[in-house]
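Architecture at a glance
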Amino acid sequence: MTSIITIANQKGGCGKTTTAINLAACLGREEQRVLLVDMDPQGHASLGLGRETADAAGLYEVFVQDAALEDVIVSDAAPGVDLVPATISLAAVEHLLADLPRRERQLADHLATVAPFYDFIIVDSPPNLGLLAFNALRAADQVLIPIEMSRFALDGIERLEDTIELLAEKYDLDTPLMILPTLVDYRTRFTRQVLSELRQRYPDTLLPVNIHYTVRLKEAAWRGVPVIEHCPRAVAAEDYRRLAAYIRDPRAFRSDTAAPDDTPASLGEELARLELHLAGHAGGPADQETRRPPGLQHADNVSDDITITGRPDEPVPACRVVLEYPDGGEEIKIAGDFNDWIPDRNVETLHREGRIAKILRIQPGVYQYRLIIDGRWQEDPANPQQIANLYGEINSILRVEVPDEAADAAPAEAQSEAPAAV
Ligand SMILES: Nc1ncnc2c1ncn2[C@@H]1O[C@H](COP(=O)(O)OP(=O)(O)O)[C@@H](O)[C@H]1O
Ligand SMILES: [Mg+2]
């Protein structure tokens, strides 16, 4: 029996595509026959498996030009994983589908023609609730909802509830849901609170697996390979292997973390337990202190979360970089290599004299970044140094150099040479 799992969440950046690729790859590695269907016109799942899709036939040809689904399948995009690639033309399908009979069942009907060849079909859906996403949901036997911890404010759980209601009632679906926490970093109090809240609110749908935050996933996507290939020992490789084991056989799955049907711990108990975990595995702030090389700046005014986000295998923040913009009342956030592209993570914001200062504490090096101005991602208009990114957009480049004298003794307090004024 083929199982069709759709990865959905209308929020972008929560790990849908990463989960689709890596779950598919882990199932494929376990001798399962897997079809990964890329339903996002941006084609990120295809790119994440190293497939350049610009000229490839895909779902557009299937939906609109009557191509057979089996004819657009790319065999062995990863070991054990076949791929239905997506191209930008898929965006046009959204309204072309509107005129077709059984318009929201198109994907389900086409998948039925190839289902006998697969054990699992994993569908990566686009970050909106249009007709394409609706097709992906209708086709599903199970819907897996990744929830990103680091940006997911507690009030965001309300939005998740709305989504679940929307699926269940408005669209008349009673497909089982699975909630997968992603970008999990136990060392932030914020993450621990959200996990605890999720466990209490969704004891039945919360999966007994978390996907930890790790930069290895991003590197793997850039290389166009699953993380089990890029870095088999990465924590997220193990997480996705465990997710695959659970998906294959939930009853046989043994959870070594607290199972979701445990009596929900109080927030206090939960924190105490996780603090222990932290002390045992990760190294707390005190630990980090001893690791800081002499001569590097110690920021006293960093918040709790910033202090504890440094990882033992990551460089210790060194330079204080200030980027200034005129304060026109917009919300300006910054995301780049230095904060794993999580807007304003580890960034201090100061408003002063009609200007907004973004303060980063990063090691010398060359970084790419973008600004998020009132929610829109864009390059830094004040910075002429730019480079095209994987997705056809522009990233700005930030070069951070330590002043010579700072290299010896004094704490580094380098001012960025980049953006001066907008
Ligand atoms: N567990 C993780 N740790 C670190 N980075 C992650 C993790 N999961 C996803 N990412 C990164 O976050 C970004 C958004 O993830 P993606 O899977 O593309 O989200 P979505 O498909 O929901 O938009 C990507 O750059 C991806 O590499
Ligand atoms: Mg995606």
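Keep in mind it's a predicted model, so treat the numbers as computed, not measured.

Broken down by element type, the chain carries 16 helices and 15 strands. Looking at the chain as a whole, 51% of its 422 residues are labelled buried. Contacts spanning at least 24 positions in sequence make up 75% of the contacts within the chain whose residues lie at least 6 apart. When the accessible surface of the chain is split by element, carbon and sulfur atoms take 50% of a total near 19,600 Å².

The next thing to look at is a negative patch on the surface. On the surface, a cluster of negative charge is made up of Asp-327, Glu-330, Glu-331 and Asp-374. Structurally, Glu-331 can be placed in the loop between β8 (319-326) and β9 (332-336). Taking the relative accessible area as the measure of exposure, Glu-331 reaches 43% and is therefore partly exposed.

If you walk across this open sheet you meet the three strands as β8-β11-β10, and the pairing is antiparallel. Two strands close off the open sheet at either side, each with one partner strand: β8 and β10 (347-352). Strand-to-strand twist of the sheet, defined as the mean angle between neighbouring strand axes without regard to direction, takes the value 25 degrees. Taken together, the eight bridges between β8 and strand β11 (residues 355-362) define a ladder with antiparallel strand orientation.

So, about empty space enclosed by the protein. One pass over the structure, following the stated rule, counts two cavities of 30 Å³ or more. Its volume calculated, the second largest cavity comes out at about 30 Å³. In this structure, the second largest cavity is lined by Ala-8, Asn-9, Gln-10, Ser-125, Pro-126, Asn-128, Leu-129, Ala-133 and Leu-137.

Among the 14 residues in the neighbourhood of ligand 1, the closest are listed as Gly-13, Lys-16, Thr-17, Thr-18 and His-212. Taking Cys-14, its main chain carries an N or O atom lying 3.1 Å from an oxygen atom of ligand 1. Separating an oxygen atom of ligand 1 from a backbone N or O atom of Gly-15 is a distance of 3.1 Å. Within the complex, 85% of the 560 Å² of free accessible area of ligand 1 lies under protein. Mapped onto the shell around ligand 1, the elements with two or more residues apiece are α1 (16-29) and α10 (215-223). With three residues, the single largest contributor to the shell around ligand 1 is α1.

Let us look at the packing of helix α6 (residues 106-114) against helix α7 (residues 131-139). Axis angle and axis distance: for two packed helices, these are the angle between their axes and the distance between the axes, and together they describe the pair. With their axes 7 Å apart at the nearest point, α6 and α7 run at an angle of 50 degrees to one another. Put simply, α6 runs oblique to α7. Residues Gln-106, Leu-107, Ala-108 and Leu-111 of α6 pack against Asn-135, Ala-136 and Ala-139 of α7. Among the residues making up the contact of α6 with α7, the classes are represented as five nonpolar, two polar and no charged.

Across the sheet, which stays open at both edges, the seven strands sit in the order β3-β4-β2-β5-β1-β6-β7 with mixed pairing between neighbours. Of all strands in the sheet, those with a lone pairing partner are β3 (74-78) and β7 (177-182), marking the two edges. Between one strand and the next, the sheet's axes are offset by a mean angle of 30 degrees, whatever the strand orientation. One ladder, built from three bridges, connects strand β1 (residues 3-7) with strand β6 (residues 142-148); its direction is parallel. When the bridges of β6 are listed, Ile-7 appears paired with Leu-144.

Right, let's get into the pairing of strand β12 (residues 365-373). Pairing between β9 and β12: five bridges, direction antiparallel. Note that in β12 the partner of Lys-333 across the bridge is Ile-372. When β12 meets strand β15 (residues 394-400), the two strands line up antiparallel, connected through five bridges. Within β15, the residue paired with Tyr-369 across the bridge is Ser-396. With three bridges joining them, β12 and strand β13 (residues 376-378) adopt antiparallel strand pairing. Pairing of Ile-372 across the sheet is with Trp-377, part of β13.

Now for the environment of Leu-160. Checked against the element boundaries, Leu-160 lands in helix α8 (residues 156-170). On a C-alpha basis, the gap between Leu-160 and Ile-179 in space is 9.9 Å, while along the polypeptide they are 19 residues apart.

Tallying each qualifying case throughout the model produces three aromatic pairs. Between Tyr-246 and Phe-253, the ring centres sit 5.4 Å apart and the planes meet at 85 degrees, which makes this aromatic pair edge-to-face. Phe-253 gets classed as buried once you look at its relative accessible area, which sits at 15%. Both rings, one in Phe-338 and one in Tyr-369, keep their centres 6.4 Å apart while their planes meet at 40 degrees; by these two values the pair is tilted. Here Phe-338 is found in the loop between β9 and β10, whereas its partner Tyr-369 is found in strand β12, with 31 residues between them in sequence. Looking at Phe-338, the relative accessible area reads 14%, which means it is buried. Members of the aromatic cluster, joined through ring pairs, are Phe-338, Tyr-367 and Tyr-369. Positioned above the aromatic ring of Tyr-213, the side-chain terminus of Arg-345 is 4.8 Å from the ring centre.

What follows deals with the packing of α1 against helix α12 (residues 235-248). It is the contact of α1 with α12, at a shortest axis distance of 9 Å, that shows an interaxial angle of 70 degrees. Viewed along their axes, α1 and α12 adopt a mutual orientation that is roughly perpendicular. With respect to the hand of their crossing, α1 and α12 are arranged in right-handed fashion. Contact residues: Thr-18, Thr-19, Asn-22, Leu-23, Cys-26 and Leu-27 in α1; Tyr-240, Arg-241, Leu-243, Ala-244, Ile-247 and Arg-248 in α12. Taken together, the residues that form the contact of α1 with α12 break down as seven nonpolar, three polar and two charged.

Parameters at a glance
- Residues numbered from 1 in each chain as written.
- Chains lettered and ligands numbered in written order.
- Predicted model: local features only at pLDDT ≥ 70, side-chain atom pairs only at ≥ 80, totals over all residues.
- Heavy atoms only, no water.
- Helix = DSSP H or I, 4+ residues; strand = E, 2+ residues; numbered from the N terminus.
- Buried < 20%, exposed > 50% of the residue type's maximum accessible area, 1.4 Å probe, protein only.
- Contact = heavy atoms within 4.5 Å.
- Areas by Shrake-Rupley, 256 points an atom, 1.4 Å probe, with all protein chains shown as cover.
- Patch = residues over 30% accessible without salt bridge, like charges linked within 9 Å, V, L, I, M, F, W, Y side chains within 5 Å.
- Salt bridge = Lys/Arg side-chain N within 4 Å of Asp/Glu carboxyl O.
- Lys, Arg positive; Asp, Glu negative; His and termini not counted.
- Charge placed at Lys NZ, Arg CZ, Asp CG, Glu CD.
- Pairing = 2+ DSSP bridges.
- Axes fitted to C-alpha atoms, helices over the stretch in contact; angles between N-to-C directions.
- 1 Å grid on protein atoms, 1.4 Å probe; cavity = no way out; pocket = protein on both sides within 12 Å on 5 of 7 lines; lining within 4 Å.
- Points joined across faces, edges and corners; volume = space filled by probe spheres on them.
- Near = heavy atom within 4 Å.
- Polar contact = N/O pair within 3.5 Å; in protein donor to acceptor, adjacent residues only side chain to side chain.
- Parallel < 35°, antiparallel > 145°, perpendicular 65-115°, else oblique.
- Nonpolar A, V, L, I, M, F, W, Y, C, P; charged D, E, K, R; others polar.
- Phe/Tyr/Trp six-rings, centres within 6.5 Å; stacked < 30°, edge-to-face > 60°.
- Lys NZ or Arg CZ within 6 Å of the ring centre and 35° of its normal.
- Left-handed = near helix turned anticlockwise from the far one by under 90°.

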